[in-house]
Amino acid sequence: MRTAVCDLLGIKYPVLQGGMAWVATAKLAAAVSNAGGLGIIGAGNMPADLLRQEIKICRSLTSNPFGVNIYYLSPSVREIVEVVIEEKVPVVTTGAGNPGKDMSRFKAEGIKVVPVVSAVALAKRLVRAGADAIIAEGMECGGHTGVTTTMALLPQITAAVNVPVIAAGGIADGRGLAAALALGAQGVQMGTRFVASIECEVHDNYKQAILKAKDRSTVITGASIGHPVRVLKNKLAREFATLEERGASRSRLEQFGAGRLRMAVQAGDMQEGSVMCGQIAGLIDAVLPVHEIISAMMIEASDILQRLSCQLAASEQAVKLVEG
Ligand code: TUI
């Protein structure tokens, strides 16, 4: 299961962990990196000093490559960029913005840059600016989301760029990995699947909510202010939708939503908190150790690819016999 993404990032398996704000701590990132994937610390809205501490913790827990996700809407994004460069973090992924202006500095320090995008045009622009790979994120994903599904977005982005593409959104097992490879990706990124892992430090209520979720348990809020976010349906999501229907202003909605992700992640408040989560949550039925998630996924994807190629070979053989 070795692909161009493994060679580019120096990892054993083509699996990245989403850089989820408040959720993707050094402990989770190190567990993913130790299991052969790429663990990623989610800088989110963290102050720069806290990020520096997290990077040091991650280095103490793993000697494998890891990454930092920079959230471009963070008020401390400038300081975060400086910490990532000073600490020579091996890989940077970016979200909710365009990292173009920082690209040359990252590259000069040998930092691999892998932006997350939800549209073809931005993917092309960032590859021209020097991105080493692209994460194509479909609207099935949790948290900040685009409008195009992984199924439609992925083949369009793989056709448009000449760097490896990593699929994100709607992937939680080996079937998702095999499907992503079939659509031209060279790896996958998973968020929700790793939230429901032993090593993830979110409140247990958050993990249990993912296990309970079904296919239609999520909803998008915030589209009216240009910041669509996929969350589990709960009291907060209903109240947010009502405010949006009544035409509440951006500042009112931002004020109403402030601190809600932390409320879910740390206090375990599943009604008043923002429980960001992807549509694939309905498939997840157990909290597992990270290494089991990754190894089961590799076995399942290899089995599928082998089975499909045997089926194809058998049908080619049948055609030859009929024609022959
Ligand atoms: O970043 C994400 N997902 C996130 S970040 C996040 S943090 C947060 N959000 C709300 C409340 C509290 C905390 C939650 N989920 N995904 C990566 C991603 N980025 N997908 C799409 C994009 C994206 C969007 C717009 C990238 C660039 C962009 O615009 C670039 C431009 O043209 O300026």
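Note that the structure is a prediction, hence the values are computed from the model and not measured.

A. Molecular detail of the packing of helix α11 (residues 235-245) against helix α12 (residues 250-257). Where α11 contacts α12, the two axes come as close as 11 Å, and the packing angle between them is 170°. Here α11 is positioned roughly antiparallel relative to α12, judged by the angle of their axes. On α12, the residues touching Leu236, Glu239, Phe240, Leu243 and Glu244 of α11 are Leu253, Phe256 and Gly257.

B. Just the side chain of Asp132, in detail. Following the sequence through the fold, Asp132 ends up in the loop between α6 (120-128) and β6 (134-137). Among the polar contacts listed, one links the side chain of Asp132 to the backbone nitrogen of Val113, at a separation of 2.8 Å. With near-sequence residues (within four places) excluded, Asp132 lies in contact with Leu8, Lys107, Ile111, Lys112, Val113, Val163 and Pro164.

C. Structural view of the nonpolar core. Residues Leu51, Ile70, Val84, Phe106 and Tyr206 are the most contacted members of the largest nonpolar core, which totals 80 residues. Each of domain 1 (4-197) and domain 2 (204-280) contributes no fewer than three residues to this core. Not counting residues up to four positions away in its chain, the partners in contact with Leu51 are Ile41, Ala43, Met46, Val68, Ile80, Val83 and Val84. If you look at the next biggest cluster of nonpolar residues, it comprises 14 residues, including Ile11, Val114, Ile135 and Ile166.

D. Highlighting the site of the ligand. The environment of the ligand is made up of 14 residues, and the closest members are Ala96, Gly97, Val116, Glu137 and His144. In this structure, His144 approaches the ligand through a main-chain N or O atom, which is 2.8 Å from a nitrogen atom. Here the ligand, which alone exposes 720 Å², has 73% of that area covered by the protein. For the shell around the ligand, a count of residues per class yields six nonpolar, seven polar and one charged. Two domains each donate at least three residues to the shell around the ligand, and these are domain 1 (4-197) and domain 2 (204-280).

E. Molecular detail of the sheet that holds strand β11 (residues 229-232). An order of β7-β11-β10 is seen for the three strands of this open sheet, with the pairing classed as antiparallel. Here the strands that pair on one side only, and so sit at the sheet edges, are β7 (143-144) and β10 (218-221). Relative to the sheet, α11 contacts β10 and β11, its axis offset from that of β10 by approximately 35°.

Rules and cut-offs
- Residues numbered from 1 in each chain as written.
- Predicted model: local features only at pLDDT ≥ 70, side-chain atom pairs only at ≥ 80, totals over all residues.
- Heavy atoms only, no water.
- Axes fitted to C-alpha atoms, helices over the stretch in contact; angles between N-to-C directions.
- Helix = DSSP H or I, 4+ residues; strand = E, 2+ residues; numbered from the N terminus.
- Parallel < 35°, antiparallel > 145°, perpendicular 65-115°, else oblique.
- Contact = heavy atoms within 4.5 Å.
- Polar contact = N/O pair within 3.5 Å; in protein donor to acceptor, adjacent residues only side chain to side chain.
- Core = buried A, V, L, I, M, F, W, Y, C linked by side-chain atoms within 4.5 Å.
- Buried < 20%, exposed > 50% of the residue type's maximum accessible area, 1.4 Å probe, protein only.
- Domains from an automatic or database assignment.
- Near = heavy atom within 4 Å.
- Areas by Shrake-Rupley, 256 points an atom, 1.4 Å probe, with all protein chains shown as cover.
- Nonpolar A, V, L, I, M, F, W, Y, C, P; charged D, E, K, R; others polar.
- Pairing = 2+ DSSP bridges.

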